[in-house]
Structure formats: structure tokens, C-alpha cells
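Residue-level structural notes
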Amino acid sequence: MSGGSGGSSPPSERISSSSLSDLKDLEISSESGCLSIVVLGASGDLAKKKTFPALFNLFQQGFLQAGEVHIFGYARSNISDDGLRERIRGYLKGASEEPLSEFLQLIKYVSGSYDSGEGFELLNKTISENETSKDSRRLFYLALPPSVYPSVCKMIRSYCMTPSSHGGWTRVIVEKPFGKDLDSAEELSTQLGELFNEEQLYRIDHYLGKELVQNLLVLRFANRLFLPLWNRDNIDNVQIVFREDFGTDGRGGYFDQYGIIRDIIQNHLLQVFCLVAMEKPVSLSPEHIRDEKVKVLQSVTSIKHDEVVLGQYDGYKDDPTVPNESNTPTFASVVLRVHNERWEGVPFILKAGKALGSKKAEIRVQFKDAPGDIFKCKKQGRNEFVIRLQPLESMYMKLTVKKPGLEMATEQSELDLSYGQRYQDTKIPEAYERLILDTIRGDQQHFVRRDELKAAWEIFTPLLHDIDAGKLKALPYEPGSRGPPEADELSKRMGYMQTLGYVWVPPTLAK
Ligand SMILES: NC(=O)C1=CN([C@@H]2O[C@H](COP(=O)(O)OP(=O)(O)OC[C@H]3O[C@@H](n4cnc5c(N)ncnc54)[C@H](OP(=O)(O)O)[C@@H]3O)[C@@H](O)[C@H]2O)C=CC1
Ligand SMILES: O=C1O[C@H](COP(=O)(O)O)[C@@H](O)[C@H](O)[C@H]1O
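Residues numbered from 1 in each chain as written. Chains lettered and ligands numbered in written order. Predicted model: local features only at pLDDT ≥ 70, side-chain atom pairs only at ≥ 80, totals over all residues. Heavy atoms only, no water.

A word on the packing of helix H12 (residues 286-298) against helix H15 (residues 450-468)
The line we're drawing: Only the contacting stretch of a helix is used when fitting its axis, a line to C-alpha atoms as for every element, and angles between N-to-C directions run 0 to 180 degrees. Labels follow the DSSP assignment, with helices taken as runs of H or I lasting at least four residues and strands as runs of E lasting at least two, numbered in each case from the N terminus. Small angles under 35 degrees read as roughly parallel and large ones over 145 as roughly antiparallel, with 65 to 115 read as roughly perpendicular and the rest as oblique. Whether a crossing is left-handed or right-handed is set by the direction in which the near helix is turned from the far one by less than a right angle, anticlockwise for left-handed and clockwise for right-handed. Whether two residues are in contact is decided by their heavy atoms: any pair within 4.5 Å suffices. The residue classification treats Ala, Val, Leu, Ile, Met, Phe, Trp, Tyr, Cys and Pro as nonpolar and Asp, Glu, Lys and Arg as charged. All others, Gly included, are polar.
Direction vectors running N to C along H12 and H15 enclose 15 degrees, while the axes themselves pass 9 Å from each other. Our classification of the angle between H12 and H15 gives roughly parallel. At the point where H12 passes H15, the crossing takes the left-handed sense. Seen from H12, the contacting residues are Arg-290, Lys-293, Val-294, Leu-297 and Gln-298; seen from H15, they are Asp-451, Glu-452, Ala-455, Ala-456 and Ile-459. Residue classes in the contact of H12 with H15 are distributed as 5 nonpolar, 1 polar and 4 charged.

As for the confidence of the model for the chain
Rules: The pLDDT value expresses, per residue, how confident the predictor is, ranging between 0 and 100.
Scored by pLDDT, the chain has a mean of 91; 93% of the residues are at 70 or more. Per-residue pLDDT stays below 50 along residues 1-29; that stretch engages in 54 contacts with residues further than four places along the chain or on separate chains. Here the complex is predicted with pTM 0.91, and the ipTM for its interfaces comes to 0.93.

Topic: the site of ligand 1
Stated precisely, the cut-off is as follows: Residues are counted as near a molecule or strand when any one of their heavy atoms sits within 4 Å of it. Counting of polar contacts relies on pairs of N or O atoms within 3.5 Å, with two restrictions inside protein: one atom must be capable of donating a hydrogen and the other of accepting it, and residues adjacent in sequence are counted only when both atoms are side-chain atoms. Surface accessibility in these figures is a Shrake-Rupley result with a 1.4 Å probe; residues are shielded only by whichever protein chains are displayed.
Near ligand 1 lie 19 residues; those nearest to it are Ser-43, Leu-46, Arg-76, Ser-77 and Tyr-114. Interatomic distance of 2.9 Å between a side-chain N/O atom of Asp-45 and a nitrogen atom of ligand 1. One of the side-chain nitrogen or oxygen atoms of Tyr-149 is found 3.4 Å away from an oxygen atom of ligand 1. When ligand 1 sits alone it has 880 Å² of accessible area, and the protein chains cover 73% of it. Looking at the shell around ligand 1 residue by residue, the class counts come to 11 nonpolar, 4 polar and 4 charged.

Some thoughts on the site of ligand 2
Neighbouring ligand 2 are 13 residues, the closest being Lys-176, Tyr-207, Lys-210, Glu-244 and Asp-263. At a separation of 2.8 Å, an oxygen atom of ligand 2 approaches a polar side-chain atom of His-206. Contact between ligand 2 and Tyr-207: an oxygen atom at 2.4 Å from a side-chain N or O atom of the residue. Among the elements that line the shell around ligand 2, the one with the most residues is helix H11 (residues 252-277), at 3 residues.

Description of the environment of Val-346
Where we set the bar: Residue exposure (1.4 Å probe, protein chains only): buried if accessible area is under 20% of the type maximum, exposed if over 50%, otherwise partly exposed.
By the secondary structure assignment, Val-346 is in the loop between strand E9 (331-337) and strand E10 (347-353). Classification of Val-346 by relative accessible area gives buried; the value is 2%. With 59 residues separating them along the chain, Val-346 and Glu-287 place their C-alpha atoms 27 Å apart. When near neighbours in sequence (up to four residues on either side) are disregarded, Val-346 contacts Arg-232, Ile-235, Asp-236, Asn-237, Val-238 and Leu-336.

Some thoughts on the sheet that holds strand E6 (residues 201-203)
Filter applied, for reference: Strand pairing requires that DSSP identify at least two bridges connecting the strands.
Pairing within the open sheet is parallel, and its 6 strands lie in the order E3-E2-E1-E4-E5-E6. Of all the strands in the sheet, just strand E3 (107-111) and E6 have a single pairing partner and so form its edges. Neighbour-to-neighbour, the strand axes of this sheet turn through a mean angle of 20 degrees, independent of strand direction. Bridging between strand E2 (residues 69-75) and E3 involves 5 bridges; their strand directions are parallel. Looking across to E3, one finds that Ile-71 is bridged to Ile-107. Packing of helix H7 (residues 149-160) onto the sheet brings it into contact with strand E1 (34-40), strand E4 (135-142) and strand E5 (167-174), and relative to E4 it is tilted by some 165 degrees.

A closer look at the pattern of salt bridges
Quick note on the threshold: Each salt bridge in this description consists of a side-chain nitrogen of Lys or Arg and a carboxyl oxygen of Asp or Glu lying within 4 Å of one another.
Across all of its chains, the model carries 31 salt bridges by this definition. In this structure, the salt-bridge partner of Lys-49 is Asp-45, at a minimum N-O distance of 2.8 Å. Here Lys-49 pairs with Asp-45, and both are found in helix H3 (residues 45-60), just 4 residues apart, close to one helical turn. Judged by its relative accessible area of 42%, Lys-49 is partly exposed. Classification of Asp-45 as partly exposed rests on a relative accessible area of 41%. Between Asp-468 and Arg-262 there is a salt bridge, with its nearest N and O atoms 3.0 Å apart. In this pair, Asp-468 is assigned in helix H15 and Arg-262 in helix H11, connecting sequence segments 206 residues apart. Residue classification places Asp-468 among the exposed residues on the basis of a relative accessible area of 52%.

Here is the structure:
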């Protein structure tokens, strides 16, 4: 089996202390030869909206070099090379014509089924014809429904691996959802595990590619300020929140089989939870980081039904692909508790919803009240550290300060690091862009390992089975609202104190 990181320096060495430009230089000097990127499911939604635009951004920044890189789309649809290029052209934003046409010319399309040798033989032939050097690197991106992963992986394994006579590697990116519960995920992992080793499999969770998610370990472990505070003695509760201001928008058929817990909480929010709650890893090596994530996941206790609120927005069932009797939650607030020395007694509230009044994702770490308050300022609010993942990436710490003026009065204010203001000339990369680059570099730090996935499903499977069996009901809520009021009541019961009369206003650049 052609291997994992194939010939380059260990990922930990490459990642730990480098700026992006250092990394780019290192990469170009450390690995060369042909790179073939194959997008399977090239005719689909993810491919046009995320995968090809991410490849284009990498191309524009010089990470993918014409002459070295070839991109192949594969799907059943009967389209030509130009047909595929035209489909994706409109999604490649802000591009001037020259790099755009140069990029599009790198793309070829091969049509074939997902379970017969013919198409994959043709794909292999097309890849091989474009491989001009002895070193070949082949990256397969499965932008496909998970139902076809096993057959597609079998086909890649049988027909499309980097020839063993060549140097290089074969790597496969698989998209979520990885299964529907513990058993189905394990079955899928076993099927894929018989075909590829763990170093070749990249289970993508695009939240791990977001700038502020990537910042979490730095924040927690490179700042003395946080080290002594990040525990049950000082933190009262943590909320990890995802809100979308649109509904399932034509994806009702898919969504109804999964629901918000499988779509967002079990993967994206749980990955963020791991980075907030895990212990310090031995080093930044992917295995050390993932070891700590697994440990904290294994320390999560069983979810209690009275610490869960489910909701379904009014109008969700108007989608003709959603059954009339659907109890699938489009909103959920779930409390996780970690049974360890650091976090015993601290509720982690993971909350996600569609068709709400706003679109944002953030982490709220709320500290306990200052003991022995002499200012009588308790009711105004607590120290709260907010990490806004999107939109308007920022982090701010809510503080009580003296209100400027002659009186000794207090008010809530904040220390604010807003990226739009502080990093005006820096373009924050798209999550998919980073994660594809990581795969090319053989860095699995930001990908989900098999045992991590298993531990994640172990947490949620009993609850999901109870929901599927109708033991918990999704409460109706108005589109455009905050979700069912019971969710705010749950947060309050968990100790969350809303800061009264305080609204964080993102700073503007205007003087
Ligand atoms: N779309 C998104 O925003 C996101 C998607 N994902 C995940 O990415 C993967 C791809 O998503 P997306 O692009 O939306 O999916 P699509 O439904 O658009 O499917 C992608 C392609 O797969 C083929 N296909 C569709 N249904 C089937 C089927 N039942 N059997 C075999 N082939 C099929 C079609 O190509 P053809 O018929 O030409 O072969 C289609 O163009 C999924 O796992 C999804 O969960 C993850 C995050 C976000
Ligand atoms: O994986 C998914 O994520 C998107 C939200 O991603 P974001 O980067 O825009 O926050 C969500 O809309 C979709 O339902 C889900 O499958």
C-alpha cells in the first residue's frame, strides 16, 4: 500500500513554528513531482461551492503550480471538460480572467459510475497520462453522499493507487457525515480501514479549518493569563453556539434523516468543545493533539434528557421531501459534562439551530462572580470571554470597569480583538483551503482520527436513538426567533447569566 506522509519532514516540525509563507517555501522545497487532485462528485453542490473554489484560492497563492498539478472531476453526469469548467466558473469569486482560465485549464472531467471498474480504469488512465514524473501524489476528495464511500474507496484501491514503482502517496479525503450512529460509523470505518491505513484517510470537519478554531490551542496554552483560570474554580459555564438565519433550503430530504445534532453538534461543535476542554498536548504533533481530544471525549458523562431542549421551526415540514410526522430537530441545546479534575461541575452547553434570528458561531466562557464584591456590580454581568468564530472573527473579554466621570460607578465594557480592525491587510483563508493544503502536506492535525470519531458517537448515540424512537419531542419555534424559549431557560438553569443592557458593538474602521 503506498504510504502516508511519503518522504517529507514530520508534520509537527513543519507546522509548529512557521508562518504561512515559511510553510509555503518549505512545502515547495520538500515535495515535488506530479500532484493529481481528483474531486469525486464533481457535479455536486459541495464541489462547486467549496472544493473547487478552495483549489482555486490555493492555485492563486502559488500553492498549486501549473505544470505540477492536475485536477480531475469525476461523477456519473455526462458532461464535458468545458461543461464542468462552466459550472464552477461562477463560484470562483473575485478572480481576474487570466488566472481563472489558467486554473480552469488544469481541470479535466471523467464520467463513470461509482461501483464499476470501467470508469475508474479510465480515471486511472487519464491521471497516468498526465503524470510526467516518477513521483506521483494522488489526492482523492470524496464530495459524495457517504452511502457510496465504501464502493468508491474499493474502486480507488483497485484501480487508481499511485503505482508502487513510483515515489509519492495516495490520500483520501472523506466528508461528513461519517455514519449515523456508533454502529454505522464503526462499520464505515472498518470498511474504509480495510482499504486504506489511517495515515491515508483524512476525515474532514471544516470547522477545524476556521481561523479562530485554529487559534484555540495557541490562546489556551501560549498565554499565561489563561492557564490558571481555565478550570472549574474560575469558570462557571461554557456555551458553544451555532446559529443560522436560514432553514434547510432545499436540503430537507437529507436533513430530515440526520437532524441538527448529527449535522452540526456531534461534529463541528464537539470538535470545538474538544479544543476548549482538552488538556495540554505533549506537543503539536497530530497524534499528541488527537490523543488529548480522545481523552476529553471519553470523560464526557451520559447526556441527561432534562439537560436537552429540541426544537423544530414552523414551516420545516412544508418541504415536500420532509414527512408530515417528522420529529427531526432543527434546533438543539445539549449539556455536556466532563468528569475530570478540571471540569467537574461545569456545564458545556452546545447549542445549534437553523432558521433563527441571526447567523453566527461563537464560544462563550463565562467566569464565576468575583468574591466579596464591594462595588455591588454583580447584576451588571460577569467576566465573559467570547470567541466569535464567524462572521466578523473576533474575541473580546467582558469586563466591569469604572464608568468614566466624576462618580464612582461601574459598567460593563470589553477588551476587544476584532480581526477586521487588527489584521486589516490579512486575508483570512477559507477553512477548506487550509484543510486541503494540510492534506497535501500530510498533516493530520486538523482531521478526525478513527478513535476520536468513535468516542464522539459514543456520546451522542443513546440520545439520538431516544430521539429517533420519539422519546424526546422537538418543540415548535418561530423562524427568525432565538429557538424555543425553553433553551434560554436551560442555559439559565445551567448558571448562564446574561449581561443586562450590554451589547457588544464590533468596532468599525471609520475614524
Ligand atoms: N453541500 C454542502 O454544503 C456540504 C456537504 N457536505 C458533505 O459533502 C458530501 C457531498 O455533498 P453535496 O455536494 O451537497 O452532495 P450532492 O447531493 O450534490 O452530491 C454530490 C454528487 O454525488 C452524486 N450523487 C448524488 N446522490 C447520489 C447517490 N444517491 N448515489 C450516488 N451518487 C450520488 C451526484 O453526482 P452524479 O449524479 O453526477 O454522479 C452529485 O452531483 C456529502 O457527504 C455532504 O454531507 C458537508 C458539508 C457541507
Ligand atoms: O456542515 C455543515 O455546515 C454548514 C455551516 O457551515 P459554515 O461554515 O457556513 O458555518 C451548515 O449550513 C450545513 O447544514 C452543515 O451540513
